[in-house]
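Here are the chains, one letter per residue:
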Amino acid sequence: KTQMKDQRSYFEKADFQSGLPLQLLTATLGLTLVLLELAVAQWPVFYGSAPNLSLIFIYCMIIYHGKYMPIFTIFLIGIIGDFLLSDLLGGRATSFMLLAYVMQLRLVRLQQSDFGQLWVDFAFSCAAVSLFQLLLFSVVSFAIPSLSPILFQIGATLILFPIGYVLIFAVHRLLQKVKMV
């Protein structure tokens, strides 16, 4: 009988509503997208300026599953992206974290927006992230890099946003149907 009581008290203390496994899953998916960015950057058509897939992922995940995207995960995705894609160390991570904080301020409006409004907002967000990285690079290296690869990256990211949005939104709806989220 005491053994049964010990097991019951163990399960009473267990937290079955923890978001940690889903946070680890989103972090793993985000890091996988950074690796995919690295692979796409090797294609000759992109000339080293691959679309920012991790930005699409972070943007959509904050809107629909913000509790599974803690700031540490966003920092980790950004810093590993900086390291692997030879960006200024901390530039991508800082810009992603600043974007996450700004999005938190406008989260209710973003959640109530339709796709067209989200695409326009994402365009401004993508431009702001690129502008922040450009200004940071210019301040640190006292030089202005060529703008054509940056504009090409923004354009490719904006073209791929609808595909990423539809995929993430479909998974979001599927998870709602099976009541996992």
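Procedures and definitions
Residues numbered from 1 in each chain as written. Predicted model: local features only at pLDDT ≥ 70, side-chain atom pairs only at ≥ 80, totals over all residues. Heavy atoms only, no water. Axes fitted to C-alpha atoms, helices over the stretch in contact; angles between N-to-C directions. Helix = DSSP H or I, 4+ residues; strand = E, 2+ residues; numbered from the N terminus. Parallel < 35°, antiparallel > 145°, perpendicular 65-115°, else oblique. Left-handed = near helix turned anticlockwise from the far one by under 90°. Contact = heavy atoms within 4.5 Å. Nonpolar A, V, L, I, M, F, W, Y, C, P; charged D, E, K, R; others polar. Salt bridge = Lys/Arg side-chain N within 4 Å of Asp/Glu carboxyl O. Buried < 20%, exposed > 50% of the residue type's maximum accessible area, 1.4 Å probe, protein only. Expected span 1.5 Å × (residues − 1). Bend = angle between axes of the 7 residues up to and from the residue. Polar contact = N/O pair within 3.5 Å; in protein donor to acceptor, adjacent residues only side chain to side chain. Phe/Tyr/Trp six-rings, centres within 6.5 Å; stacked < 30°, edge-to-face > 60°.

J.: So what exactly am I meant to see when it comes to the packing of helix 3 (residues 53-65) against helix 5 (residues 91-105) here?
T.: What describes two packed helices is the angle between their axes and the distance between those same axes. Between helix 3 and helix 5, the shortest axis-to-axis distance is 11 Å and the interhelical angle comes to 25 degrees. Comparing their axes, helix 5 and helix 3 come out roughly parallel. Judged by the twist between their axes, the crossing of helix 3 over helix 5 is right-handed. Residues S54, L55, I58, Y59, I62 and I63 of helix 3 form the contact with helix 5, whose own contacting residues are R92, F96, L99, A100, M103 and Q104. Per-class residue counts for the contact of helix 3 with helix 5 are nine nonpolar, two polar and one charged.

J.: Looking at this structure, how should I read the packing of helix 2 (residues 20-41) against helix 4 (residues 71-84)?
T.: Running from N to C, helix 2 and helix 4 point in directions that differ by 20 degrees, and their axes come no closer than 10 Å. Comparing the axis directions of helix 2 and helix 4 gives the class roughly parallel. The handedness of the crossing between helix 2 and helix 4 comes out as right-handed. Only T73, L76, I77, I80, G81 and L84 of helix 4 make contact with helix 2, whose side of the interface consists of Q23, A27, G30, L31, V34, L35 and L38. Its residues placed into classes, the contact of helix 2 with helix 4 shows nine nonpolar, four polar and no charged.

J.: Honestly, the pattern of salt bridges in this entry has me stumped. Any pointers?
T.: Charged atoms that come close allow side chains of opposite charge to pair. Within this structure, the stated rule accounts for four salt bridges. Here R106 and D121 are joined by a salt bridge, their closest N and O atoms 2.5 Å apart. Residue R106 is found in the loop between helix 5 and helix 6 (107-111), and its partner D121 is found in helix 7 (residues 115-141); the two are separated by 15 residues along the sequence. A relative accessible area of 26% means that R106 is categorised as partly exposed. The class of D121 is buried, set by a relative accessible area of 8%. What emerges from the salt-bridge pattern is a single network uniting E37, D87 and R92.

J.: For this particular structure, what's the right way to read helix 3?
T.: For an α-helix the count is 3.6 residues per turn, leaving residues at separations of three or four pointing the same way. Along its 13 residues, helix 3 runs 17 Å from first to last C-alpha, staying within 8% of the 18 Å computed at 1.5 Å per residue. The buried fraction of helix 3 amounts to 13 of the 13 residues, a majority that puts the element mostly inside the structure.

J.: What am I meant to see in helix 8 (residues 147-177) here?
T.: Over its 31 residues, helix 8 extends 44 Å from the first C-alpha to the last, a length consistent with the 45 Å expected when each residue adds 1.5 Å. Along helix 8, the sharpest kink reaches roughly 40 degrees, centred on L160 and followed within four residues by the proline P162. The set of residues buried in helix 8 consists of Q153, I154, A156, T157, F161, P162, G164, Y165, I168 and H172.

J.: Would you mind showing me how to read the environment of I58 here?
T.: You can see I58 is positioned in helix 3. Judged by relative accessible area, which is 1%, I58 ranks as buried. Between the C-alpha atoms of I58 and F96, which are 38 residues apart in sequence, the distance is 8.1 Å.

J.: Even after reading the chapter, I still don't get the environment of Q111, so can you show me in this structure?
T.: In this structure, Q111 sits in helix 6. The class of Q111 is partly exposed, set by a relative accessible area of 43%. Sequence-wise, Q111 and I62 are 49 residues apart; in three dimensions their C-alpha atoms are separated by 9.6 Å. A distance of 2.9 Å separates a polar side-chain atom of Q111 from the backbone oxygen of I63.

J.: Would you mind going over the packing of aromatic side chains with me for this structure?
T.: Tallied over the full model, the rule gives ten aromatic pairs. Judged by centre distance (5.9 Å) and plane angle (75 degrees), the ring pair of Y59 and F161 falls under edge-to-face. Taken together, the positions of Y59 in helix 3 and F161 in helix 8 put the pair 102 residues apart, joining distant regions of the chain. Summarising the burial analysis for this pair, Y59 and F161 share the class buried. Ring centres 5.3 Å apart and planes at 65 degrees place the aromatic pair Y64 and F169 in the edge-to-face group. You can see Y64 sitting in helix 3 and its partner F169 sitting in helix 8, a full 105 residues away along the chain. Under the relative-accessibility criterion, F169 is labelled partly exposed at 24%. One aromatic cluster is present, formed by Y59, Y64, F115, W119, F122, F161, Y165 and F169 through successive ring pairs.

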